[in-house]
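Analysis of the macromolecular model
Here is how the chains run, residue by residue.
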Amino acid sequence: MSFNMLSFLPTTLMIATLLPVLRLGLISLMQESRRADFRFSRPEAFNHDYDFIIVGAGTAGSVLAARLSEVKGWRVLLLEAGGTPPPETYVPGLVGFNYLRGNINWNYVTVPQKHGLKNFVDRRATIPHARVVGGGSTTNGMVYVRGNRRDFDHWADLGNPGWDYESVLYYFKKFEDYRGYMTPHTARFHGRGGPIAITPDTKPGKLTQAFLDAGKQLGFDTIDPNAEEQMGFAKPDYTVCDGIRCSTAWAYLLPAASRPNLHILHSATVLKVQFNKKKKATGVVYTYRGKVVEARAEREVIVSAGALASPKVLLLSGIGASYHLQQHGVKVVADVAGVGQNLQDHLGVYGLTWTTQSTSPTMDNAFSLQAFSQYIHHRKGPWTKPLGEYASAFLKVTEGGDPYYPDVQLYLSPAVFNMDLGFFIPHIYNFQKTKYMEYARPLSGKQGFTIIMYLMRPKSRGGVFLRSKHPNDLPLIDPNYLDHPQDLKTLVNGIKQLMALGNTTAFRSRFKAKFHDMPVPGCEGEKFGSYRYWGCYVQHMASSFWHPTSTCKMGPSSDPLAVVDYRLRVREVSGLRVVDASIMPVVVSGNTNAATLMIAEKAADLIKEDWNELTGHGD
């Protein structure tokens, strides 16, 4: 343990030096950052009485604050533990800095995993959950994927009316400003004019085109994954607006910040929700500038702190399994057994990389003076999206069930696994550095690409638990990866499909692509390419894809683990809702940010309906 900690010391020192210098250089160039810092400053007329208090200014909380404050008579307080987005977050090409441990995130690390993560320090996964205004929409990779239409139909089938695909499609379209070409067949699935710009990568490079062609050679179509069906290969859509990241902080909160009935307070950490004797939420207790402050909510408290922090807030407030609360000396307000349970996370398989002998696309042009000038002066050029070439594929690799319901996603990345020479990747993901370098060092100086694969609908379930009753203690997070044997089987089947993809002529003839077939440390005793080898590989090299959900699941009263009902009201109490990715009964088949946006938009309408402020669907 101590050796591995020391091995990260040079990286930690480099980050501590690099980030301040980067921000100092960008602050004068990014007027968007200066404008937001000013607009998100503490309100002068701050008070302690509101109609609604929203805990967390992340993806969902920012949407809710903007939508609820549209009602002029409603006083809304938005509290966020993190600060304002630093200047580099606005630049899509600098997205990698957001993944650094401890940088505008909670620095979450899971408990040791029984069934996997054998090449990670203490068998723990990192989950860099955002701690900043805008939440995950400020720090994520900006890839826009809604999920599969069957995901939402399944939610409805589980006893959640109004959450079927045709119902939620309205809300996806409501927030979208889709900037791509639409065919007569795909037009009904996209929205125009909403707050969030969805910008397709319309000029695929040679590597992306090879990926798409390789898919065709395996019999798959090139698709729009956010239209009718998801199966196939796709160019990426990004949440980018005119060259900058289109976070909910930028698209929703900034335009709403000048409203006199909306108060935004960042760097304020909520300790707990307060209740009266009738179990109605009456407000929150939070810390700000070293002081403990109370704020009262006349109508509702809405917890939107994310799938890892929302259950913690509820538990500290006395909402959860009574035995767990009593174990930590927390007074029980309501015995709601499901709080923190049902944790689901996409499990990603890392290190599957190919080298190329012929000339392959590089990111060299991104570091030219012309590229910098293009971005700084015109918000154009390679820095307007993640640097390099990317693409996705959605495949079904298991037998049985719906043939159009993919179970793995492939994600093309434009560099070999050792692109950073081991300075950052081990630190970001918590790889044991010696084992990482043993496997990745032979890739140093080589061109190539990596394809990450993740499991879209894991059967394994984990949980989030209190470490103690002290609010500053991070929760215990146990995703329980690979607990269900089907998860390992699905990922091994996916790797076999991935090997076939890399062996197509699209990659071999154009790039002389060759898989990096060095046995991964820990699996040397297995025959390379066998089922047992790939199973061993997954157990050693798979970790979180950073999409935790479902810890405050939505469901009917007959579901013992349901925390909120289909209107997102917390059970056994009143005046309290949860609105974020934690309410998903089952994780969506794709990146989770788009679905979280949809949840927040729908929740805003549900709240308005419940308080008689909505006259019709979507007003």
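For the structure given in this document, a descriptive report is provided here. (Residues numbered from 1 in each chain as written. Predicted model: local features only at pLDDT ≥ 70, side-chain atom pairs only at ≥ 80, totals over all residues. Heavy atoms only, no water.)

Counting its regular elements, the protein chain contains 18 helices and 27 strands. Against the 2.2 N^0.38 benchmark of 25 Å for 619 residues, the protein chain shows a C-alpha radius of gyration of 23 Å, consistent with a compact globule. For the protein chain, the C-alpha atoms occupy an extent of roughly 70 × 55 × 55 Å along the three principal directions. For the protein chain, the proportion of contacts with a sequence separation of at least 24, taken over those separated by at least 6, is 72%. If you sum the accessible surface of the protein chain, you get close to 23,700 Å²; carbon and sulfur atoms cover 53% of it. In the protein chain, 67 side chains carry a positive charge and 53 a negative one; their mean positions are 4 Å apart. (Helix = DSSP H or I, 4+ residues; strand = E, 2+ residues; numbered from the N terminus. Rg over C-alpha atoms; globule rule 2.2 N^0.38 Å. Contact = heavy atoms within 4.5 Å. Areas by Shrake-Rupley, 256 points an atom, 1.4 Å probe, with all protein chains shown as cover. Lys, Arg positive; Asp, Glu negative; His and termini not counted. Charge placed at Lys NZ, Arg CZ, Asp CG, Glu CD.)

What follows is about the pattern of salt bridges. The final tally for this structure, using the stated rule, is 28 salt bridges. Of the charged contacts, one joins R379 and E32 as a salt bridge, the two residues approaching to 2.9 Å between their closest N and O atoms. You can see R379 sitting in the loop between α12 (369-378) and β20 (391-395) and its partner E32 sitting in helix α3 (residues 31-39), a full 347 residues away along the chain. Accessibility classification places R379 together with E32 in one group, the buried group. Each of R67, E70, K174, E601, D605 and K608 takes part in a single network of salt bridges with overlapping partners. (Salt bridge = Lys/Arg side-chain N within 4 Å of Asp/Glu carboxyl O. Buried < 20%, exposed > 50% of the residue type's maximum accessible area, 1.4 Å probe, protein only.)

What follows covers the pairing of strand β13 (residues 281-288). Counting buried residues along β13, six of its eight residues qualify, which places the element largely inside the surrounding structure. Across seven bridges, strand β12 (residues 268-275) lies against β13 in antiparallel orientation. From the neighbouring strand, V273 faces β13, where its bridge partner is V284. Once β12 ends, the chain turns through five residues before running back antiparallel as β13, passing K279 with a positive phi of about 65 degrees. Pairing of β13 with strand β14 (residues 291-303), which is carried by six bridges, proceeds in the antiparallel orientation. Bridge pairing links Y286 to V293 in β14. Linking two consecutive strands that pair antiparallel, namely β13 and β14, is a turn of two residues; a positive phi of about 55 degrees is found at R289 within it. (Pairing = 2+ DSSP bridges.)

The next point concerns the side chain of T551. Mapped onto the elements, T551 comes out in the loop between β26 (542-544) and β27 (576-578). Side-chain polar atoms of T551 contact the backbone oxygen of A307, separated by 2.6 Å. What T551 contacts, discounting residues up to four positions off in sequence, is A307, P311, G338, V339, G340, Q341, L343, V464, V563 and S582. (Polar contact = N/O pair within 3.5 Å; in protein donor to acceptor, adjacent residues only side chain to side chain.)

With that settled, consider the environment of T504. In this fold, T504 is placed in the loop between α15 (485-502) and α16 (505-511). Overall, the relative accessible area of 7% leaves T504 in the buried class. Between the alpha carbons of T504 and L26 there is a distance of 43 Å; along the sequence they are 478 residues apart. In terms of polar contacts, T504 uses its side chain to reach the backbone carbonyl oxygen of L501, at 2.7 Å.

Okay, the side chain of T89 next. With respect to the secondary-structure elements, T89 resides in the loop between β2 (76-79) and β3 (108-109). A relative accessible area of 2% means that T89 is categorised as buried. Ignoring anything within four residues of it in the chain, the contact list for T89 reads N98, I104, T138 and R245.

Take the sheet that holds strand β5 (residues 176-178) next. Pairing in this open sheet of three strands is mixed, and the strands run β5-β6-β8 from one edge to the other. The sheet is open, and its two borders are formed by β5 and β8 (237-238), each paired with just one other strand. As paired elements, β5 and strand β6 (residues 196-200) share three bridges and run parallel to each other. Each residue of the ladder has a partner; that of D177, found in β6, is A197.

Quick look at the packing of helix α6 (residues 149-157) against helix α7 (residues 165-175) now. Where α6 meets α7, the axes come as close as 8 Å, and the angle between the chain directions of the two elements is 120 degrees. Of the possible angle classes, the one that applies to α6 and α7 is oblique. Here R149, F152 and D153 of α6 lie close against α7, whose contacting residues are Y165, E166, V168 and F172. Of the residues assigned to the contact of α6 with α7, the class counts are four nonpolar, no polar and three charged. (Axes fitted to C-alpha atoms, helices over the stretch in contact; angles between N-to-C directions. Parallel < 35°, antiparallel > 145°, perpendicular 65-115°, else oblique. Nonpolar A, V, L, I, M, F, W, Y, C, P; charged D, E, K, R; others polar.)

Another aspect to go through is the nonpolar core. Ranked by internal contacts, the top residues of the largest apolar core, which has 205 residues, are F211 and Y286. In terms of residue count, helix α18 (residues 593-610) provides more of this core than any other element does, ten residues in total. (Core = buried A, V, L, I, M, F, W, Y, C linked by side-chain atoms within 4.5 Å.)

Summed over the entire model, instances satisfying the criterion amount to one disulfide. Residue pairing for C523: its cysteine sulfur links by disulfide to C536, the two sulfurs lying 2.0 Å apart. Between C523 and C536 the sulfur-sulfur dihedral comes to about -95 degrees; the bridge is accordingly left-handed. Within this pair, whereas C523 is found in the loop between β25 (514-515) and α17 (531-541), its partner C536 is found in helix α17, the two being separated by 13 residues in sequence. Side by side, C523 and C536 carry an identical accessibility label, which is buried. (Disulfide = S-S within 2.5 Å.)

A regular strand carries its side chains on alternate faces of the sheet. Among the five residues that make up β6, four are buried, leaving the element largely enclosed by the rest of the structure. Where β6 and β8 come together, two bridges link them in antiparallel fashion. Opposite T199, over in β8, you have Y238 as the bridge partner.

Take the sheet that holds strand β24 (residues 476-478) next. Pairing is antiparallel across the open sheet formed by three strands, whose spatial order is β17-β23-β24. Unpaired on one side and paired on the other, β17 (341-343) and β24 mark the two borders of the sheet. Adjacent strand axes in the sheet meet at a mean angle of 30 degrees when their direction is disregarded. With three bridges joining them, strand β23 (residues 462-465) and β24 adopt antiparallel strand pairing. Bridged to F465 within β24 is L476.

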